[in-house]
Amino acid sequence: MPELPEVENVVRGLKKNILNKKICGVEVLTESIINGDQNFTQKVQGQIIEDIQRRGKYIIIKLNQGNLLIHLRMTGKLLYNGDKDKHTHLILYLSQDTWLSYKDVRKFGRILYLSDSQLQNYLATKVGLEPLEMSFEEFSQRIMKKKGPIKKNLLDQGVIAGIGNIYADEILFASGVKPQYPTEKLDPADLKAIYENIKSILAIAIEAGGSTIRDYVDSTGKAGDFQNFHKVYGRFGQACVRCNSSLDKTKIAGRTTVFCPDCQKG
Ligand SMILES: [Zn+2]
């Protein structure tokens, strides 16, 4: 559920609170969250948090030795001094009365300890272009190697990292291209529009604090505002803000997809 703008806000919140702190205690409550790593506590305890970065939808906590790679998946939350309850699976104590906790109702998220080289390997093989940093040439080369519905390829984390269901629909609406439009038929003007809307919509959503659909909050417990600016996501059957037609829906890559049948081409 959290996509790039939400994860970026989690990272920004963490930077305010946990940078340069020492992990003085580790409490693992659910082993599946750390993939059953028996040495996790030993590897993490006593380390200093040197930096917090985002790559696609991943959070990377850089320690003085190695890294924590965190994927929130559906319902994961990293909370600074958050409530501890039955959905809390990991607690990193930063002092006697401050902690970072990982909470996850569905338990699909993962927190892995990786060495620098393991991390580089992981990111190089699994994570595609960084949308806010990619050039137009990188984007068009990578996407034009793909075929089939453009939305499916925007969701492919190995192509571009960080775009999920909400932002794919919003980007394609803003670009005037239907989500089911075949990637191989996109003309240069479509590509340019999609490229520019990826950058601008993600940037605006980051500044709005991300989208809170069910219960997303950043690490300080703050919800996002961008859901108030969605033009298609969650608006099936409502009037298109551009042409007033009734918005339609379909399924692409197993995901509910909302679009305008009249003012998006294809
Ligand atoms: Zn329309």
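Please read these numbers as outputs of a predicted model, since none were measured by experiment.

Engineer: For the coordination of the zinc ion, give the residues involved together with the corresponding values.
Structural biologist: Here the zinc ion is held by C240 (SG), C243 (SG), C260 (SG) and C263 (SG), and the distances to it run 2.2 to 2.4 Å. Coordination at the zinc ion is tetrahedral: its four donor atoms span angles of 100 to 117 degrees at the metal. Each donor residue of the zinc ion lies on one chain, and together they are spaced C-x2-C-x16-C-x2-C. In this pair, C240 is assigned in the loop between α7 (188-207) and β9 (248-252) and C263 in the segment after β10 (255-259), connecting sequence segments 23 residues apart. Note on C240: relative accessible area 3%, which makes it buried.

Engineer: Talk me through the environment of F259; I want residue IDs and the actual numbers.
Structural biologist: Mapped onto the secondary structure, F259 falls in strand β10. The exposure class assigned to F259 is buried, which follows from its relative accessible area of 4%. Along the backbone, F259 and K231 are 28 residues apart, and their C-alpha atoms lie at a distance of 9.2 Å. Sequence-distant contacts of F259, that is, excluding residues within four places in its chain, are made with K178, P179, Q180, V232, L247, D248, K249, T250 and Q264.

Engineer: I'd like to hear about the sheet that holds strand β3 (residues 58-63), residue by residue, with values.
Structural biologist: An order of β2-β3-β4-β8 is seen for the four strands of this open sheet, with the pairing classed as antiparallel. Either end of the sheet is taken by a strand with one partner, and the two such strands are β2 (49-55) and β8 (110-114). Mean inter-strand twist for the sheet, computed between neighbouring axes without regard to direction, equals 20 degrees. Relative to strand β4 (residues 67-71), β3 runs antiparallel, the two sharing five bridges. In the sheet register, K62 faces β4, and the bridge partner there is N67. Packing of helix α1 (residues 4-17) onto the sheet brings it into contact with β2 and β3, and relative to β2 it is tilted by some 170 degrees.

Engineer: Just give me the short version of the layout of surface pockets, but keep the residues and values in it.
Structural biologist: Roughly 400 Å³ of internal volume is contained in the largest pocket. Taken together, 18 residues make up the lining of the largest pocket; nearest its centre are M1, K57, R73, M74 and R255. Summarising the domain contributions, the lining of the largest pocket has at least three residues from each of domain 1 (4-126) and domain 2 (136-259).

The rules behind each value
Note on numbering: residues in each chain are counted from 1, in written sequence order. Thresholds applied to this predicted model are a pLDDT of at least 70 for local features of residues and 80 or more for the giving and counting of side-chain atom pairs; totals over whole chains, interfaces and linings are not thresholded and use all residues. To obtain the side-chain values, all non-hydrogen atoms of the structure were used and water was disregarded. The donor definition counts N, O and S atoms within 2.8 Å of each metal and applies 3.2 Å to Na, K and Ca; water is not among these atoms, so some sites may look incomplete. When four donors show all angles between 85 and 135 degrees the site is tetrahedral, when four or six donors have opposite pairs over 155 degrees and all other angles between 65 and 115 it is square planar or octahedral respectively, and in every other case it is irregular. Secondary structure elements follow DSSP: runs of H or I of four or more residues count as helices, runs of E of two or more count as strands, with numbering from the N terminus. Each residue is placed in one exposure class: buried if its accessible area under a 1.4 Å probe, protein chains only, is under 20% of its type's maximum, exposed if it is over 50%, and partly exposed if it falls in between. When checking whether two residues touch, look at their non-hydrogen atoms; a contact exists if any pair is within 4.5 Å. Pairing between two strands is assigned when DSSP locates at least 2 bridges connecting them. Lines are fitted to the C-alpha atoms to define the axes, a helix being fitted only along its stretch in contact, and any angle between axes, read from their N-to-C directions, falls within 0 to 180 degrees. Here a cavity means grid points, on a 1 Å grid over the protein atoms only, where a 1.4 Å probe fits yet cannot get out; a pocket means an open set of points with protein on both sides within 12 Å along at least five of seven lines; lining residues are those with an atom within 4 Å of a point. Grid points are joined across faces, edges and corners, and a volume is the space filled by probe spheres set on the points. Delimitation of the domains relies on an automatic or database domain assignment.

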